[in-house]
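# Architecture and fold: a report
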Amino acid sequence: MKILSIAWKDLQVLLRDRGAILELFLLPLVFVVVYSGAVGAIGQGDKDERIALKVADLDGGADAQSLLAGIDRAGGVRVELIAEAEGLAQIDQAKLARMLVIPQGFSEAVAGGRPAEVRLVSHPNAGPEQSEAVRLVLEGVVSDLSLEAQILSALERMGEMQAGQPGAEEIWTVERAQAQARAQFARAEGEPLVHVAQRVPAQAGTSQVEVGMTDAAVPGFTVLFLFLTAQAAARSVYEEKKAGSFRRLLAAPVSRMGMLLGKMLPAFVTGLCQAAVIFAFGIWGLRLLGLPGVTLGAHPWVTVLVVAVVALCSSALGILIAAVAHTENQIGGLSSVILWGLGTLGGCIIPLFVLEPLLGPVPKVIPHYWANRALLDTMVRGLGLADVGVALAVLAGFALLFFAVGVWRFDFE
Amino acid sequence: MRAIKHALAIAWKELQLLSKDRGGLAVLFLLPLIVATTMGAANRAGARSDGEGILVNTCLVNQDAGIFGEQIAAAVESIPVLEVTRVPSAAEAEDIVARGEAVAAIVIPAGLSDQIHAYTPVQVEVIVDPGQPDAASIVTGIMNQVVDQVAIWGEVSYGIRAMLSQSEVLAQAEPNTLRAIEAQSLGTIMATLEQMRRTPAITVASETDEQVVVQGGFERYMAFGFAGMVVMFIFFGVTTSARSLRMEKETGTLRRLVAAPIPRGSVIAGTMLAYVVLGALQTGFLFLVGRLLFKMSLGNSAIGLLVHTLALSLAAAAMGVMIAALARSARQADSVALILGFVMGGLGGCIAMGMSPLTRSGGALQTLALLTPQGHGVEGFYRLMVEGSSLLRALPESAILVGFAAVFFLVGTWRFKYE
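If you're wondering where the values come from, they're calculated on a predicted model, not measured in any experiment.

Calculation rules
Residues numbered from 1 in each chain as written. Chains lettered and ligands numbered in written order. Predicted model: local features only at pLDDT ≥ 70, side-chain atom pairs only at ≥ 80, totals over all residues. Heavy atoms only, no water. Helix = DSSP H or I, 4+ residues; strand = E, 2+ residues; numbered from the N terminus. Buried < 20%, exposed > 50% of the residue type's maximum accessible area, 1.4 Å probe, protein only. Contact = heavy atoms within 4.5 Å. Areas by Shrake-Rupley, 256 points an atom, 1.4 Å probe, with all protein chains shown as cover. Pairing = 2+ DSSP bridges. Domains from an automatic or database assignment. Buried area = accessible area lost by both parts, 1.4 Å probe. Polar contact = N/O pair within 3.5 Å; in protein donor to acceptor, adjacent residues only side chain to side chain. Core = buried A, V, L, I, M, F, W, Y, C linked by side-chain atoms within 4.5 Å.

### Comments concerning the overall build of chain B
A count of helical and extended segments in chain B gives 16 helices and 5 strands. Relative to its full complement of 419 residues, chain B shows a buried share of 54%. In chain B, the proportion of contacts linking residues at least 24 apart, taken out of those at least 6 apart, comes to 79%. Accessible surface computed for chain B: about 17700 Å², of which carbon and sulfur atoms make up 61%.

Pasting the structure below:
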């Protein structure tokens, strides 16, 4: 009961600190929107979100038109026509990232079965992801477009080999070969012979075939900011000590352990509220902004449990910081560096698949790593309690360790 | 002259206070270093062209007993960026991806070869981990290219069979003749694929514009990435400067300064000067580390870097004054400056998400980036360090930053209450 009184008092103090409220609740939302790469899609709604590709069509023939239609149909890239000289000038001035040039005589070459070439001219600093996406689309369309020519070429070659066989002249005519190639090409356009289908695992929290950046960003930023509440807990203890009210608390009939638990509790509750705000924004707020929302996974209660354990770990870390930091600067500055640094190394900002090969086992000694894994597993991968059991146990272990060291090192005087 | 002397004295006092704030210094110097070097190291690993760069863990399930399944599997295994593990069943592979232990699973279905021979459309499945979207799209993109060759084989083979089936002679042909025709078909298909590989009917030639001279890819990225970090953390200095000015008010030392024979402008100018120096030191420190650790390009114009750094630091210092003037308390100034720093840093493109600044991205993002001083800060450094441009080309960006500084300063001094 006394622990609850201390916690209630701390929560009332926190609620009056508008700055802290903004940092704890608004900043995570800023991160989700601005730093997940989602900001570019806000307000797009039904607008064309495809990458714009300027095309200088110097040919203007039927096959050039088929190529342009194919690019437009393929998805991901939008064709916009431009004059070659103007496009090159814009690339020189870094106003344009890339341009496709269809040379004169392209259609004639394709129709005549001769090799043809299109040029993708890029500024040296053009974004590699977009360039790769454009290149993949172009390669795919060009491959489809050359399918008819390749089939035709093969049939003609076969006709040459069969020459002299009885009835060959009747079968291997140019008209028949062309008709056959055209029929196969038409069919392949609608239904390719070998198709690559992407999907997510059946139990994943999302039913989308395409996976978005916010799906991975929301859990990462939730973990980052849940651990930042440790700083608020440490600051609260420091300010009590500075104002002398901590000594008064010592005089009250509350055990020292109970006093520290009373200090941990508001940080724990704040963490839960913070996660609730971030998730509510992720589920409904992102949709209001025209972005795909996130889900709490196939087992929402497991997600809630993970958040509770992370909040517990964070509040215990707050006690540890309060125990080892002796000045306001150490709490405000050094702990910021540690918490943000651990967040970076623990996969909150840089994806774990990039960090793990780079840092080896290092991320595994960071609580953020386990928190990230657990939240991604529940929210994005839709896994259950059994699958996140190890991560939860490790986080609980961290919480126990932080609290034990915190109690041991805490200067109550 | 006396006003300048006073301003310098106040700047010196402010710098002394800053040097004692170890926590603040850690945030301004150590934190950007940790973030920038981790990102730099991650990108260096990814940029390695020797095939030992970042590997994408991929499971492969080949349920096909025929030749095409094995061809696709062999092609996938030969791709350097993929670390392929063969798994016996699709369910097991899906489970591995579902647990996030592999980025993707490629499932080649049973009967793929038979279906291609029978000219029946067939599907190769790529199961991707929604927790690692970046890496998943790499695997799907690669698979689209891998299956192309097999598809061509099936198409050509079917075309030949379709033409031959129209022959009545073939129906009555002897086994030796049929074997000869099959051998010819195979030869034709192989020749077509070889021709397609050597001289594709249509090629996409990728060229870079040779008019623009730039550094190597990694050095270019590092210059861009580090510059973004520098800009972002210079503006985080705004939290310290705004809080410092508010604290002077709240503790009453500002009133004492105003009571002294010091022009009021010198108090503000002195504080700003200290943060301009701090910004320049931050920039110098981070660029030096970037140069030493990652051979980051610093461009060809030292004077350009200096001018741009000073303009950027001036804009940040003036923003600190404006926030201190508009905030009601030191705590509020701290929070508002922090949130603005993150929001404007993100919109200004301080975190490098592509290879060029957001100020060149086009559309709404470009407009937003151009509205922030951070956007112009990044653009100026980009011109100098990545494109190796002269001071003259970066000067418009520096001038815009000075313009921002003037606006912030005017609003700040207009609204600042000394009492």
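### Remarks on the environment of G131(B)
Inspection of the secondary structure puts G131(B) in the loop between β4 (122-128) and α6 (133-164). Between the alpha carbons of G131(B) and V103(B) there is a distance of 8.4 Å; along the sequence they are 28 residues apart.

### Things to note about the pairing of β4(B)
Burial of β4(B) is extensive: 5 of the 7 residues sit out of reach of the surface. Bridging between strand β5 (residues 194-199) of chain A and β4(B) involves 6 bridges; their strand directions are parallel. Bridge pairing in β4(B) places R199(A) opposite I127(B). Sheet topology note: the strand β3 (residues 104-108) of chain B/β4(B) ladder contains 4 bridges and is antiparallel. Residue pairing in the sheet places A105(B) in a bridge with I127(B) of β4(B).

### Observations concerning the domain arrangement of chain A
Many structure descriptions define interface size as the accessible area lost when the parts assemble. On domain assignment, one finds that chain A holds domain 1 (2-40 + 208-409) and domain 2 (51-190). Summarising the inter-unit geometry, the C-alpha centres of domain 1 of chain A and domain 2 of chain A are found 53 Å apart.

### Focus: the interface of chain B and chain A
Taken together, the contacts link 107 residues of chain B with 110 residues of chain A. On the chain B side of the contact with chain A, P130(B), M163(B) and I202(B) bury the most area, a combined 8% of that side's loss. There are 14 residue pairs in polar contact (both at pLDDT 80 or more) connecting chain B and chain A. It is α6(B) that provides the largest number of residues to the side of chain B that touches chain A, a total of 22 residues.

### Thoughts on the domain arrangement of chain B
When cut into domains, chain B gives domain 1 (2-44 + 214-415) and domain 2 (55-198). For domain 1 of chain B versus domain 2 of chain B, the distance between C-alpha centres works out to 55 Å.

### Considering helix α4 (residues 90-98) of chain B
Since the α-helix packs 3.6 residues into each turn, any two residues three or four apart lie on the same face. Burial in α4(B) covers these residues: A93(B), E94(B), I96(B), V97(B) and A98(B). On its buried face, α4(B) is in contact with β5 of chain A together with β1 (56-62), β3 and β4 of chain B. Just past α4(B), the residue G100(B) takes up positive phi, approximately 75 degrees.

### Quick look at the nonpolar core
Ranked by size, the top nonpolar core spans 152 residues in total, and within it F31(A), F342(B), F381(B) and M385(B) carry the most contacts. The element that contributes the greatest number of residues to this core is helix α9 (residues 217-251) of chain B, accounting for 16 residues. Counting 33 residues, the second largest nonpolar core, distinct from the first, contains V194(A), F68(B), V76(B) and V146(B).

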